[in-house]
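This is what each chain is made of:
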Amino acid sequence: MKITLKNVKYAKFASEETPCFSATVYANGEKIGFANNSGTGGETTIRPDNAVSRDDLNVIDAALKAEDVRPGPDAEDFEREMYDKGYRNGLEDAVMRALDDYLAVRDLKRLLARKALAVVDGKLLAYSGKPMPALYVAIATKEPDAKILNILPFDEALALYRKYG
């Protein structure tokens, strides 16, 4: 099941322990409700849309928990430990992952519009100063193994940004 967010309002300045945000929540493209978090460390509240009941949200939560698979080798130890103790990712976790995805896409688009981004020797570097095409040539000339995010397909650039950013 694919959980996505729209109408995201994110307040970085108000985020203390958790992200402070509000958003409309969709499951497989269908609006199911609204999510918000005050940013002070509490849970994310998910309220059903008028056409959806609390029971429907519980069914979606159970379906997501049933889909949850063992964390991979690149997962944090905490994730593997929680999985081993029986914790399964449900709707709240899916909403938080969707928020992470939304923020990463938003931030990368903003950076790509203003800077040339490249992964060089396992580090994400930002370049500016020249017109973009000339900058790409300069980066490629100086660092032949650089991966220039601006000229990659967006999904590939996003994966590199998330890994090295």
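Use the structure listed above.
None of the values given here were measured: they were computed from a predicted structure.

Student: What am I meant to see in the sheet that holds strand β3 (residues 30–37) here?
Tutor: Strand pairing in a sheet relies on backbone hydrogen bonds, with the paired strands running either antiparallel or parallel. Taken together, 4 strands build an open sheet; the order of strands is β1-β2-β3-β4 and the sheet is antiparallel. A single partner strand is all that each edge strand has here, and the edge strands are β1 (3–10) and β4 (45–48). Shown here is a sheet whose adjacent strand axes are inclined to one another by a mean of 25°, direction ignored. Where strand β2 (residues 21–27) meets β3, 7 bridges bridge the pair, whose relative direction is antiparallel. Directly across from A23, in β3, lies its bridge partner A35. Contacts between helix α1 (residues 54–67) and the sheet are confined to β1, β2, β3 and β4, with β4 contributing the most and set at about 125° to the helix.

Student: Mind showing me how you'd approach the pattern of salt bridges here?
Tutor: Two side chains of opposite charge can pair, provided their charged atoms sit close to one another. Enumeration over the complete set of coordinates arrives at 6 salt bridges. For D77, the salt bridge identified is with R80, shortest N-O distance 2.6 Å. Of the two residues, D77 and R80 both sit in helix α2 (residues 77–84), 3 residues apart, roughly one turn of that helix. Between D107 and R106 there is a salt bridge, with its nearest N and O atoms 2.8 Å apart. Look at D107 and you get partly exposed, because its relative accessible area is 25%. Assessed through its relative accessible area of 22%, R106 is described here as partly exposed.

Student: How should I be thinking about the sheet that holds strand β7 (residues 147–148) in this particular structure?
Tutor: Spatial strand order, β6-β5-β7: 3 strands in an open sheet with antiparallel pairing. Sheet topology places β6 (123–127) and β7 at the edges, where each strand pairs with a single neighbour. Relative to β6, strand β5 (residues 116–120) runs antiparallel, the two being bridged by 5 bridges. Directly across from A118, in β6, lies its bridge partner L125. Contacts from helix α5 (residues 154–164) reach β5, β6 and β7 within the one sheet, and its direction differs from that of β6 by about 110°.

Student: Just to check I follow, could you spell out the environment of L152 for this structure?
Tutor: Topologically, L152 is positioned in the loop between β7 and α5. Among all residues touching L152, those that are not within four sequence positions of it are A157 and L160.

Student: Help me understand the nonpolar core, please; the structure alone is not making it clear to me.
Tutor: Generally speaking, soluble globular proteins have nonpolar side chains that are buried together. Ranked by internal contacts, the top residues of the largest apolar core, which has 21 residues, are I3, L5, I32, L91 and V95. When contributions to this core are tallied by element, the ones reaching two or more residues are β1, β2, β3, α1 and α3 (91–114). In terms of residue count, the dominant contributor to this core is α3 (7 residues). Not counting residues up to four positions away in its chain, the partners in contact with I3 are V25, Y26, A27, I60, L64, L91, A94, V95 and A98. Grouped together as the second largest cluster of nonpolar side chains are 10 residues, L112, L117, V119 and L160 included.

What counts and what doesn't
Residues numbered from 1 in each chain as written. Predicted model: local features only at pLDDT ≥ 70, side-chain atom pairs only at ≥ 80, totals over all residues. Heavy atoms only, no water. Pairing = 2+ DSSP bridges. Helix = DSSP H or I, 4+ residues; strand = E, 2+ residues; numbered from the N terminus. Axes fitted to C-alpha atoms, helices over the stretch in contact; angles between N-to-C directions. Contact = heavy atoms within 4.5 Å. Salt bridge = Lys/Arg side-chain N within 4 Å of Asp/Glu carboxyl O. Buried < 20%, exposed > 50% of the residue type's maximum accessible area, 1.4 Å probe, protein only. Core = buried A, V, L, I, M, F, W, Y, C linked by side-chain atoms within 4.5 Å.

Read these as layout, nothing more, since geometry by itself doesn't imply function.
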